[in-house]
Amino acid sequence: MSSVALARMKSDPALVVKAILWPLALLTLLQRLVILVPNRAKTDDFTTVYDAAVRFLRHEPVYIENYDTVDPHYLYPPSGTLLMAPFGYFDPETSRYIFVGLSTVALLVALYVMIRMFGYGLNSIVAPAVLFFAVATEAVTSTLVYTNFNCFVLLALVVTMALLLERKDLWAGVPLGLALAVKPPMLAVLFLFILLNKQWKALITGIGIPFALLGLGFALSADPGNFLRRTVPYLGEARDYYNSSIQGNAQYFGLPDWLSLLLRAGVVIMAAVSVYLLWRFYSKSNELLWMATATGIMLTTLWLVGSLGQGYYSMLLFPMLMTVVYRSSVLGNWVSWVAVYGFLSYDNWLSGKWPAFGRTLAYLKCTLGWSLLIVVPFCVLVFRYFDARAENRLDEGIDRPLPPEDEPGRHEADAGAGLWHRRAAGASVEGMSEPRPKLHLSDSEWRQRLTAPEFRVLRQAGTEAPFTGEYTDTKTAGVYRCRACGEELFRSDSKFESHCGWPSFFSPLAGDKVIEREDTSLGMRRVEVLCANCGSHLGHVFEGEGYDTPTDLRYCINSISMRLEPDEA
C-alpha cells in the first residue's frame, strides 16, 4: 500500500485531540464542582467574607479579626466589603454556592476572552487544551474549593487587556477598577501599559471606580478606622505560613534578613531588565506578547518580593503562558515549563521516607517556580539582545531570523515539507502543487524594504495583535495590496465585519492572487494565505463559520501585511 493511501487512512490529529480533550476538560471541571467544592477543604476563604458581609449589612464592626491565629482573615478594604455585601442576604450555604457558580462563569468567560485575544475560537484545539490545563491546575482547583475571588480577578485582567488592545480605554478601566476595589495591589501593574500608551481615559474609570467605592464603603462601614489602624499594617507584615513569598519562606526556614533582601533585590533587577527589553523590542511589533509577558513578570515579582504570595494567585499568569503560541515567546523552552510545574502543579512532595527533603520541596515548590519564571525570561531576553547586538541587527529587533527553509515562500515543494496550493474561492485546498512565487529576495533585501514589525509578519509568519491593525474597521473603498511587493490582493467590496480582531474578506481579488497551503502549526489544521507574487505571509482562511457572505469563507488577514489604495473620487 502506498504512503499516500496510508496517509489518507489516518484521522485528522486536531480532530482526534479535540475529541479527547473536551470530555477530559469538562469532566475535570465537573469533579471540582460536584465533589471537591461540597466536600470543602482545610482552608475556607469564604466564611470570613460572608461574615463580613453580614456584619456590614447590620452596620456592625467588620475589621475585628484576631490576626494572631493562622485561620483565614478578612482583608478586603471597605470598597470590597461593599461589593461583597449582597452575599450577606442569603444563608451561608446558598451564598457560597452562588459565589462558586459565579466564579466558574467568570473563569470560563476569562478563558474564552483570552483565547479570542490570541486569535483562536471554540472550534480550535486550543480551546479544550486551555480549559483542561486550567482546571487541572492547583491554582484553579484551590480557588474554587477555597471559594476565593481569584477567578473574578483573572476575568478583570483579560478583559482589561482586551479592551486596552482594542483602544476602548474608558471601558478598559471598568473591570480594572472593580478588581482594584476588592484586591487593590493585584492588577495595579496594568497602569504601566496605560501610562506608556497614553491611554488616559482608562485612568478615569480605573482610578475613579475604586476610589468612589472606597469612599462609599467608608461612609457605610461601622468601623472604617479599624481598617486603617489594624488591617493595613497587617497587610504589610510577612507571615510564615501559607506564604510563598521570599519573605515568608525566609521566616519559615530562618534565613537571615540580608539574604532575604538580596534575593528580593535580584528578582526586582531581573524583572526590570526583562520588562524594559520587552517594551523596547516588542511593544510595537507584538503588543499582546509585550503586555501579557510583562504583566506576568510584574505580577510574579509582586508575589515574590511582597509580604504575601499565595500559590493560587498563579492563575493570573495564564495570559503570559498563552504567549507560548508566538515564536517570540520567552516560554518556548523546557525550563519555563519546569517553572510552570512548580507553581501550577497539584502534586504534593511531602514524603514520609524523606521528611526534611519532602517538606522543603513541598513548601518551596511554588516559590522556586515563580523564581524560575523570573530567571528564564531574563536570560532569554538578555541573550537575544547580546546576540542581536553582536550581529548588528538591533534595529531589526532581537528575534533571530528564521532559517531560509522555514521562511514563508521558501518551503520545499514535496509532501514532507508542505505543498504550495492554489484554489478559487470555495474550492478545496487539496490539489496540485503550486509553482513558487515569482519574486525572490534575500533576507537583507527584505529587511531593507520592510520595517521590523512588517518583516516579522510578512517574512516570519508572525501575527499582529487583534483589534490593533490599521484596517480592522476601515470601510474606505479601494484595493488592498501586498505591503511587501505591491501586488493587488483584495477589494474593499469583499471586506466584511467579522468582529474577530483582524480585517476579513470573503474572497481575494482573483484566485491566482494568493497561495493557500495547509498549516499544521500549533497543533491545529489551518489554511495559510500567502501572496502569490512574493510568498509573503498574509494570514489564514477559514471556512464554514456561518457568516452571511457569498462564499462562507473568511480570509483573516493581518493589516500590516497590506496597504490600502483608495479609489479615486
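Treat the numbers as computed from the prediction; the structure is a model and nothing was measured. (Residues numbered from 1 in each chain as written. Predicted model: local features only at pLDDT ≥ 70, side-chain atom pairs only at ≥ 80, totals over all residues. Heavy atoms only, no water.)

Asker: Explain the overall build of the chain to me, please; I cannot follow it from the model alone.
Answerer: A count of helices and strands for the chain gives 20 helices and 9 strands. Taking all 569 residues of the chain together, the buried fraction comes to 53%. Summarising the internal contacts of the chain: among those between residues at least 6 apart in sequence, 69% fall at separations of at least 24. (Helix = DSSP H or I, 4+ residues; strand = E, 2+ residues; numbered from the N terminus. Buried < 20%, exposed > 50% of the residue type's maximum accessible area, 1.4 Å probe, protein only. Contact = heavy atoms within 4.5 Å.)

Asker: How should the nonpolar core be read in this particular structure?
Answerer: Nonpolar side chains tend to gather and get buried jointly when the protein is soluble and globular. Residues Phe118, Leu187, Phe318 and Phe343 are the most contacted members of the largest nonpolar core, which totals 118 residues. Every residue in contact with Leu187, bar those within four places of it in the chain, is listed here: Val153, Ala156, Leu157, Leu176, Ala179 and Leu180. Grouped together as the second largest cluster of nonpolar side chains are 24 residues, Tyr480, Leu538, Tyr555 and Leu564 included. (Core = buried A, V, L, I, M, F, W, Y, C linked by side-chain atoms within 4.5 Å.)

Asker: Before we go on, may I ask you to explain a nonpolar patch on the surface in this structure?
Answerer: On the surface, a nonpolar cluster with roughly 470 Å² of combined accessible area is contributed by Leu57, Tyr89, Phe90, Ile98 and Leu102. With respect to the helices, strands and loops of the structure, Phe90 is situated in the loop between helix H4 (78-84) and helix H5 (92-117). (Patch = residues over 30% accessible without salt bridge, like charges linked within 9 Å, V, L, I, M, F, W, Y side chains within 5 Å. Areas by Shrake-Rupley, 256 points an atom, 1.4 Å probe, with all protein chains shown as cover. Salt bridge = Lys/Arg side-chain N within 4 Å of Asp/Glu carboxyl O.)

Asker: Explain helix H17 (residues 334-344) to me, please; I cannot follow it from the model alone.
Answerer: Two residues of an α-helix separated by three or four positions point the same way, owing to the 3.6 residues in each turn. Every buried residue belonging to H17 is among Ser336, Ala339, Val340, Gly342, Phe343 and Leu344, and all of these are buried. For H17, the buried positions fall inside an angular range of 165° around the axis, keeping them on one side. At its buried positions, H17 is contacted by helix H6 (126-136), helix H7 (138-146), helix H16 (318-322) and helix H18 (355-390). (Arc of directions from axis to C-beta.)

Asker: Would you explain the side chain of Thr28 in this entry?
Answerer: By secondary structure assignment, the location of Thr28 is in helix H2 (residues 13-39). Classification of Thr28 by relative accessible area gives buried; the value is 15%. Not counting residues within four places of it along the chain, the set of residues in contact with Thr28 comprises Phe132, Val135 and Ala136.

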